[in-house]
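For reference, the chains in residue letters:
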Amino acid sequence: MAINLKGRSLDSLLNFSTDEVKYLIDLSIDLKKSKYQGLQTLNRPFIGKNIAIMFQKDSTRTRCAFEVAGADLGAGVTYIGPQGSNFGKKESIEDTAKVLGRFYDGIEFRGFAQKDIDALVKYSGVPVWNGLTDEEHPTQIIADFMTMKEQLGELKNKKVVFIGDIKNNMGHSILIGAAFMGMHVTLCGPKTYHKDIRKDVIKSCEVLFARNGGSLTLSDDKIKAAKDADVIYTDVWVSLGEPFDLFDTRIGELEQFQVDMKMINSAKENIVFLHCLPAFHDDHTEFSRDIASKFGSKYPIVKNGAMEVTDEVFQSKYNKAFDQAENRLHSIKAIMLSTIGY
Ligand code: CP
Ligand code: NVA
């Protein structure tokens, strides 16, 4: 059946079908090839169109991917930063959406509440793309499963382990992506976090697993979880918008869940390590130096500034996180191209 996503918003991936998600991944791979061949400069289907990208939380990859993809397609791009507008402070989301919908052909939004995305979809009248909320990161998922497909080929029945803060936006998003691909996903984190995986998301994914194959397993043992894994994926232990004070508690809860070579060596031989980035793997950032000096003696695993992944794993041949980061560009281009249409 032909796929037509024109006019659709990427608010939650769960509003898409398996065929639609696979279509976006395949289109992303095609657009990557076109970019490598220089073909994006021949045809700029979005000349005369404009998109707004609005961020209530900071970003490197998502912002740059939207800006470069927009330029490649010929669109004008307006960046609105966390401090740069009245959005949600002096002006309601509903009113802002009504205004932006008259200026722009599509709106990207990164924020806190999923209901803000819903309001933008409802009142703007143009495609809205979720660039990360506290609940989901759907544009990231297209790039992530695109990267897995590039590395592993057919994904059905392959095994992905998401380890660390499994209750966060990425834990839920990887679960959703795996259910579309028919993969076996293990969410590996403290037992106390297991009950915080959203029941409604599990329920929707169970329907997808029944149709597509694959399954969900919860684990609190990283070595057992890694057995037969094709992909090990982790994310920061404290997410954007959460207070720095949380690091002490989170390191205490998650120190058993750092991705190290012992975990990597317990997986399949050609394991693929992924991370949505930014990552804490050494002491080359202000934050990680601060963490190392404040908590290094209490929690020796962070004494070198690494948290969710050791520098040894990050610098190893298993790490494909930079291919994954590049794929944000190609996948965001695919999402814009298919939802705005040409
Ligand atoms: N992975 C990701 O969303 O990165 P940014 O926060 O830099 O956009
Ligand atoms: N869980 C992370 C993902 C960053 C891409 C956050 O929300 O900050």
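You'll find the structure just up there.
Along each chain, numbering runs from 1 in the same order as the chain's sequence is written. The naming scheme follows written order: chains are lettered A onward, ligands numbered 1 onward. Local features are withheld for residues below a pLDDT of 70 in this predicted model, meaning they are given only at 70 or higher, and side-chain atom pairs are given and counted only at 80 or more; totals for whole chains, interfaces and linings count all residues. Each side-chain value is worked out from all heavy atoms of the structure, with water and hydrogens disregarded.

### Topic: the sheet that holds strand 4 (residues 128-130)
Phase 1: Being paired, for any two strands, means DSSP has found at least two bridges between them. By the criteria applied, helices consist of DSSP H or I runs no shorter than four residues and strands consist of E runs no shorter than two, each listed in order from the N terminus. Strand order in the open sheet formed by four strands is 2-1-3-4, with parallel pairing between adjacent strands. Edge positions in the open sheet fall to strand 2 (76-80) and strand 4, since each of these has one partner strand only. Adjacent strand axes in the sheet meet at a mean angle of 15°, parallel and antiparallel pairs treated alike.
Phase 2: As judged from the three bridges shared by strand 3 (residues 106-110) and strand 4, these two strands associate in the parallel manner. Across the sheet, glutamate 108 pairs through a bridge with tryptophan 129, a residue of strand 4.
Phase 3: It only takes one pair of heavy atoms within 4.5 Å for two residues to be counted as in contact. To get an axis, a line is fitted to the C-alpha atoms, and for a helix only the part in contact is used. The angle between two axes follows their N-to-C directions and goes from 0 to 180 degrees. Of the strands in this sheet, strand 1 (50-55), strand 3 and strand 4 are in contact with helix 4 (residues 114-124), which crosses strand 4 at around 170°.

### Things to note about the pairing of strand 9 (residues 272-275)
Phase 1: Of the two faces of strand 9, both are covered, the one formed by Val272 and Leu274 as well as the one formed by Phe273 and His275.
Phase 2: Taken together, the four bridges between strand 8 (residues 231-234) and strand 9 define a ladder with parallel strand orientation. Pairing of tyrosine 233 across the sheet is with leucine 274, part of strand 9. Burial here depends on accessible area, computed with a 1.4 Å probe over protein chains only, as a share of the maximum for the residue type. Under 20% is buried, over 50% is exposed, and the range in between is partly exposed.

### Describing the sheet that holds strand 8
Phase 1: If you walk across this open sheet you meet the five strands as 7-6-5-8-9, and the pairing is parallel. In the strand order of this sheet, the two ends are held by strand 7 (215-219) and strand 9, each with one partner. Here the strands of the sheet are splayed against their neighbours by 20° on average, with no regard to which way each runs.
Phase 2: Across five bridges, strand 5 (residues 159-163) lies against strand 6 (residues 184-188) in parallel orientation. Counted as the bridge partner of valine 160 is valine 185 from strand 6.
Phase 3: On the sheet, helix 14 (residues 321-340) packs against strand 8 and strand 9 and is oriented at approximately 50° with respect to strand 9.

### Some words on the site of ligand 2
Phase 1: We call a residue near a molecule or strand when any one of its heavy atoms sits within 4 Å of it. With respect to spatial proximity, the complete set of residues near ligand 2 consists of Leu132, His137, Asn168, Asn169, Asp235, Val236, Ser239, Leu240, Cys276 and Leu277.
Phase 2: In the model, a nitrogen atom of ligand 2 is placed 3.5 Å from a nitrogen or oxygen of the asparagine 168 side chain.
Phase 3: Contact between ligand 2 and aspartate 235: a nitrogen atom at 2.6 Å from a side-chain N or O atom of the residue.
Phase 4: Using a 1.4 Å probe, the Shrake-Rupley method yields the accessible areas, and only the shown protein chains count as cover for residues. Against a free-state accessible area of 270 Å², the protein chains account for coverage of 94% of ligand 2. Contacts described as polar in this section are N or O atom pairs within 3.5 Å, which, within protein, must combine one atom able to donate a hydrogen with one able to accept it, while residues neighboring in sequence count only if both atoms come from side chains.

### So, the pairing of strand 5
Phase 1: The element strand 5 is largely enclosed, with a buried count of five among its five residues.
Phase 2: Here strand 5 shows no split at all, with Lys159, Val161 and Ile163 on one side and Val160 and Phe162 on the other all buried.
Phase 3: Crossover handedness is defined by viewing with both strands directed away from the observer: a clockwise path from the first strand over the helix to the second marks the crossover as right-handed. The handedness of the strand 5 to strand 6 crossover, carried by helix 6 (residues 169-181), is right-handed.
Phase 4: Both strand 5 and strand 8 contribute to a ladder of four bridges, which runs parallel.

### So, the packing of helix 5 (residues 138-152) against helix 6
Phase 1: As a packed pair, helix 5 and helix 6 sit with axes 10 Å apart at the nearest point and diverge in direction by 55°. The pairing of helix 5 with helix 6 is recorded here as oblique in orientation. In the crossing of helix 5 with helix 6, the sense of the turn from one axis to the other is right-handed. Residues Gln140, Ile141, Asp144 and Phe145 of helix 5 pack against Met170, Ser173, Ile174, Gly177, Ala178 and Met181 of helix 6.
Phase 2: Residues are grouped as follows: Ala, Val, Leu, Ile, Met, Phe, Trp, Tyr, Cys and Pro are nonpolar; Asp, Glu, Lys and Arg are charged; all remaining types, including Gly, are polar. Of the residues contributing to the contact of helix 5 with helix 6, the split by class is six nonpolar, three polar and one charged. When an angle is under 35 degrees it counts as roughly parallel; over 145 it counts as roughly antiparallel; between 65 and 115 it counts as roughly perpendicular; any other value is oblique. In this scheme, a crossing is called left-handed if the near helix is turned counterclockwise away from the far one by less than a right angle; it is called right-handed if the turn is clockwise.

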